[in-house]
Protein chains: 2
Amino acid sequence: MSNDLQGFELPLRLLLGFRMLIDELHEELARQGHPEMRPMHGFVFQAIMRAGGPYGTTAADLGRALGVSKQAAGKTIDMLEGLGYVRPGHDPGDARRKTYTLTPHAYDALERSEQIFDGLRDQWAETIGEDRLRAMVEDLRKVTPSDVFRLDTPQWFNTP
Amino acid sequence: MSNDLQGFELPLRLLLGFRMLIDELHEELARQGHPEMRPMHGFVFQAIMRAGGPYGTTAADLGRALGVSKQAAGKTIDMLEGLGYVRPGHDPGDARRKTYTLTPHAYDALERSEQIFDGLRDQWAETIGEDRLRAMVEDLRKVTPSDVFRLDTPQWFNTP
DNA sequence: TAATGTAGACAAGGTCGTTGTCTACATGGT
DNA sequence: ACCATGTAGACAACGACCTTGTCTACATTA
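Residues numbered from 1 in each chain as written. Chains lettered and ligands numbered in written order. Predicted model: local features only at pLDDT ≥ 70, side-chain atom pairs only at ≥ 80, totals over all residues. Heavy atoms only, no water.

- The name an unreviewed UniProt entry gives chain A is MarR family winged helix-turn-helix transcriptional regulator, with Actinoallomurus spadix as the organism.

1. Comments concerning the protein's contact with DNA strand D
In step 1: Near DNA strand D, the surroundings consist of 19 residues, among which Arg-38, Ser-69 and Gln-71 of chain A together with Lys-70 and Lys-98 of chain B are the closest.
In step 2: At a separation of 3.5 Å, a phosphate oxygen of DNA strand D approaches a polar side-chain atom of Thr-58 of chain B.
In step 3: Contact distances for DNA strand D include 3.2 Å between a phosphate oxygen and a side-chain N or O atom of Arg-64 of chain B.
In step 4: Sorting the residues of the surface near DNA strand D by element identifies helix H4 (70–82) and strand E2 (94–102) of chain A together with helix H3 (59–66), helix H4 (70–82) and strand E2 (94–102) of chain B as the ones contributing at least two each. (Near = heavy atom within 4 Å. Polar contact = N/O pair within 3.5 Å; in protein donor to acceptor, adjacent residues only side chain to side chain. Helix = DSSP H or I, 4+ residues; strand = E, 2+ residues; numbered from the N terminus.)

2. So, the packing of aromatic side chains
In step 1: What the rule picks out here adds up to 4 aromatic pairs over all chains.
In step 2: Arranged with centres 5.5 Å apart and planes meeting at 70 degrees, the rings of Phe-117 of chain A and Phe-8 of chain B form a pair that is edge-to-face. Taken together, the residues span two chains, with Phe-117 of chain A in helix H5 (residues 104–128) and Phe-8 of chain B in the segment before helix H1 (9–31). The residues Phe-117 of chain A and Phe-8 of chain B share a single accessibility class, namely buried.
In step 3: Ring geometry for Phe-45 of chain B against Tyr-85 of chain B: centres 5.3 Å apart, planes inclined by 50 degrees, an arrangement best described as tilted. Of this pair, Phe-45 of chain B sits in helix H2 (residues 39–51) while Tyr-85 of chain B sits in the loop between H4 and strand E1 (86–91), and the two are 40 residues apart along the sequence. (Phe/Tyr/Trp six-rings, centres within 6.5 Å; stacked < 30°, edge-to-face > 60°. Buried < 20%, exposed > 50% of the residue type's maximum accessible area, 1.4 Å probe, protein only.)

3. Re the pairing of E1 of chain B
The side chains of a regular strand alternate between the sheet's two faces.
All names here are of chain B.
In step 1: Here 6 bridges tie E1 to E2, and the two strands are oriented antiparallel to one another. Considered in E2, the bridge of Val-86 is made with Leu-102.
In step 2: Hairpin connection of E1 to E2: 2 residues between the antiparallel strands. (Pairing = 2+ DSSP bridges.)

4. A short note on H4 of chain A
All names here are of chain A.
In step 1: Taking 1.5 Å as the rise per residue, H4 with 13 residues should run 18 Å; its terminal C-alpha atoms sit 18 Å apart, in good agreement.
In step 2: Among the structural elements, helix H2 (39–51), helix H3 (59–66), strand E1 (86–91) and E2 are those in contact with the buried residues of H4.
In step 3: Positive backbone phi, at 85 degrees, marks Gly-84, one or two positions downstream of H4. (Expected span 1.5 Å × (residues − 1). Contact = heavy atoms within 4.5 Å.)

5. Things to note about the protein's contact with DNA strand C
In step 1: Around DNA strand C sit 19 residues in total, of which Arg-96 and Lys-98 of chain A together with Arg-38, Ser-69 and Gln-71 of chain B are the nearest.
In step 2: In DNA strand C, atoms within 4 Å of the protein come from the sugar-phosphate backbone in 54% of cases.
In step 3: Taking Arg-96 of chain A, its side chain carries an N or O atom lying 2.6 Å from a base oxygen of DNA strand C.
In step 4: Taking Gln-71 of chain B, its side chain carries an N or O atom lying 2.6 Å from a base oxygen of DNA strand C.
In step 5: Partitioned by chemical class, the residues of the surface near DNA strand C number 5 nonpolar, 5 polar and 9 charged. (Nonpolar A, V, L, I, M, F, W, Y, C, P; charged D, E, K, R; others polar.)

Here you go:
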C-alpha cells in the first residue's frame, strides 16, 4: 500500500483515524456492558442532550439536529428506548411534544466512553508525542467548522 | 459549541475534517462535469484499480475489497457503468470472470480529484502552516493501519 | 376566533444492503 | 481423464432504514 495516494492521503487518514478510535471505543464499550451501542448512538446522545428544550428532546427536534426526517429520528428513538438508553416524558407547556431524556444507563455509557477515549488519546500521545497530538487537535479546530452536530453521515456516503 | 467535549473532540474533529474535504471535493467535481459522483465512488475507483487482475476487476473482487457482498458490489458496478465510469471486459484465461475497468471518464474524475485535493491541501497549509500539516499526516500514518481499503463505512455507522 | 404552523401517528414506497439458490466454469487430487 | 470441490455471476426474496404524504391534535398569532 501507500503508493500513488497523494492528495487522497489526507482525507483517507482522517477517516481511518476516526474509524480506529470509534472501533476501539465500541469494542471496549461492549466489554463494559454496552454491547448494543452503535457508532451512531454517541452522536444521537449528544444531540438529545443539546437539541431539546428543558423537558427533553422530541423526535422532531432530533431529526432537525441530525439532518434526517422526524420519522427516521422517531425510529432511532424507539430503538434507544428499547435498549434502555432513553425514556419518555412530556412537556407541561405543550401537550403535543412527546419528549425523551437520557437514562442513567446512557450517562453510564457516556462516562465510560469518555474514559475510553482518554485512554486511546494517551496511546496516541505515546506514539506521536503529547505535543504533536495537541497540535493536531488544535490545527483541526482551525480548519473545521465550530457548529459541530450535523450527523446524517451514514447515507451521506451515497448522496448524489 | 465547544463545551463539554473532551475525549470526544479528537474523533469528532477527524470526522469533520474528512467530511469537509470530501464535501468540497464533490462540490467542485460537480462543477467540473462530475455531478453524479458520490463520496463512495472515489473509494470504489481506487478499489477497482487495485483489487482485480490484469484484465480488470470483477464484482466478486470488488466485494471482497470493499467488505460487502458480491451482489452489492455488482449493483454498484451497474450504476457506475450507467454513469460511464466503468466498462465491461473479459478475462481470456477464465470464462467465468466478467471484468470491469475504469473508463477515461473515470480517470478524468480521478485526475480532477487529485488537483482539487491539492488545492484544499494548500488551503489547509495556509491556515495551519505547511510544516504542521505535514506533521499531521505523518502522525496519522503512525496511528492508522497501512492496509487502507476496507470501505463498508456507510452502514458501519449502524452496526451492532 | 379564525388562519397558519408544528408534533406525532400511520402508511406506502425507495434505496441499498443481505442471504439463498442455481448454472457454468476452473482446479486439484485420484 | 474424471470427479469433488470451489468460485463467478444471474436471479429472487427479504430486511433495514430512510423518504414523502396524509391525517389529527394542539399552539400560536393576527
